[in-house]
Amino acid sequence: MNFLEVIDLHEATLAENILEIAFETAEKNHAEKILAIGLTLGEMAGVEIEALNLSFDVLKKNTPADGAELKIKRVPIMATCNKCGKNFRLENYNFFCPECDGILILKSGRELLVEFVDCE
Ligand SMILES: [Zn+2]
């Protein structure tokens, strides 16, 4: 069985897209090697980091990103109450304000961005 088949398709596709962005960046900068890729990932983006790293390590082989490191920055799920306006870190998907029972509106946590590509 191909190794990739056991990896969740979502993460494999994501790793592919990340590598594509990295290759494009390297090409634009006339770089030959990709050293690191910085990723901002919201806790609510629905990405398994372990699966993503696994896919990335498999897909980068024999490419300019062979030695590249995936640096992942997690973004916590933050929400603002629609009544009292206070900000909270959302836990256990509880969308009600702990202070006034207002409804919490999501502010961050869904991010999925390639922040930087280090190449030479
Ligand atoms: Zn409130």
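I will try to describe carefully the structure that is included in this document. (Residues numbered from 1 in each chain as written. Predicted model: local features only at pLDDT ≥ 70, side-chain atom pairs only at ≥ 80, totals over all residues.)

Two elements in contact, helix α1 (residues 9-28) and helix α2 (residues 49-59), have axes whose closest approach is 8 Å; the angle formed by their N-to-C orientations is 55°. The angle between the axes of α1 and α2 places the two elements in the oblique class. Handedness of the α1/α2 crossing: right-handed. Of α2, the residues touching α1 (which contributes Glu11, Ala12, Leu14, Ala15, Glu16, Ile18 and Leu19) are Ala51, Leu52, Ser55, Phe56 and Leu59. Partitioning the contact of α1 with α2 into residue classes produces nine nonpolar, one polar and two charged. (Axes fitted to C-alpha atoms, helices over the stretch in contact; angles between N-to-C directions. Helix = DSSP H or I, 4+ residues; strand = E, 2+ residues; numbered from the N terminus. Parallel < 35°, antiparallel > 145°, perpendicular 65-115°, else oblique. Left-handed = near helix turned anticlockwise from the far one by under 90°. Contact = placed C-beta atoms within 7 Å. Nonpolar A, V, L, I, M, F, W, Y, C, P; charged D, E, K, R; others polar.)

Working note: non-glycine residues mostly have negative phi, and peptide bonds are mostly trans. The backbone phi angle of Asn62 is positive, close to 60°, even though this residue is not glycine. Looking at the secondary structure, you find Asn62 in the loop between α2 and β2 (69-75). On the basis of neighbour counts, which here come to 7 C-beta atoms within 10 Å, the residue Asn62 falls in the exposed class. (Buried ≥ 20, exposed ≤ 12 C-beta atoms within 10 Å, placed from the backbone.)

We now examine the nonpolar core. Formed by 18 residues in total, the largest nonpolar core has its most connected members in Ala15, Ile18, Ala22, Ile34, Ile37 and Val117. Taken together, the elements giving at least two residues each to this core come down to α1, β1 (34-42), α2 and β6 (112-119). If one sorts the elements of this core by residue count, α1 sits on top with seven residues. The residues touching Ile18, leaving out its near neighbours within four places in the chain, are Ile37, Leu39, Phe56 and Val114. (Core = buried A, V, L, I, M, F, W, Y, C linked by C-beta atoms within 7 Å.)

This paragraph deals with α2. Of the residues making up α2, those classed as buried are Leu52, Ser55 and Phe56. Looking straight down α2, one finds its buried side chains confined to an arc of 100°; they lie on one side. Those residues of α2 that are buried are in contact with α1 and β2. (Arc of directions from axis to C-beta.)

Further remarks concern the environment of Arg89. As for its position among the elements, Arg89 is in strand β4 (residues 87-89). Overall, Arg89 belongs to the exposed group, with 11 C-beta atoms counted inside 10 Å. The sequence separation of Arg89 and Pro76 amounts to 13 residues, and the corresponding C-alpha distance is 7.0 Å. The residues contacting Arg89, other than those within four sequence positions of it, are Pro76, Ile77 and Met78.

With respect to topology, three strands assemble into an open sheet ordered β2-β1-β6, the strand pairing being mixed. Looking at strand neighbours, the two that pair on one side only are β2 and β6, the edges of this open sheet. Here the strands of the sheet are splayed against their neighbours by 15° on average, with no regard to which way each runs. Bridge analysis of β1 against β2 gives seven bridges, and the strand direction is parallel. Note that in β2 the partner of Gly38 across the bridge is Lys71. α1 contacts β1 and β6 of the sheet and is inclined by roughly 40° relative to β6. (Pairing = 2+ DSSP bridges.)

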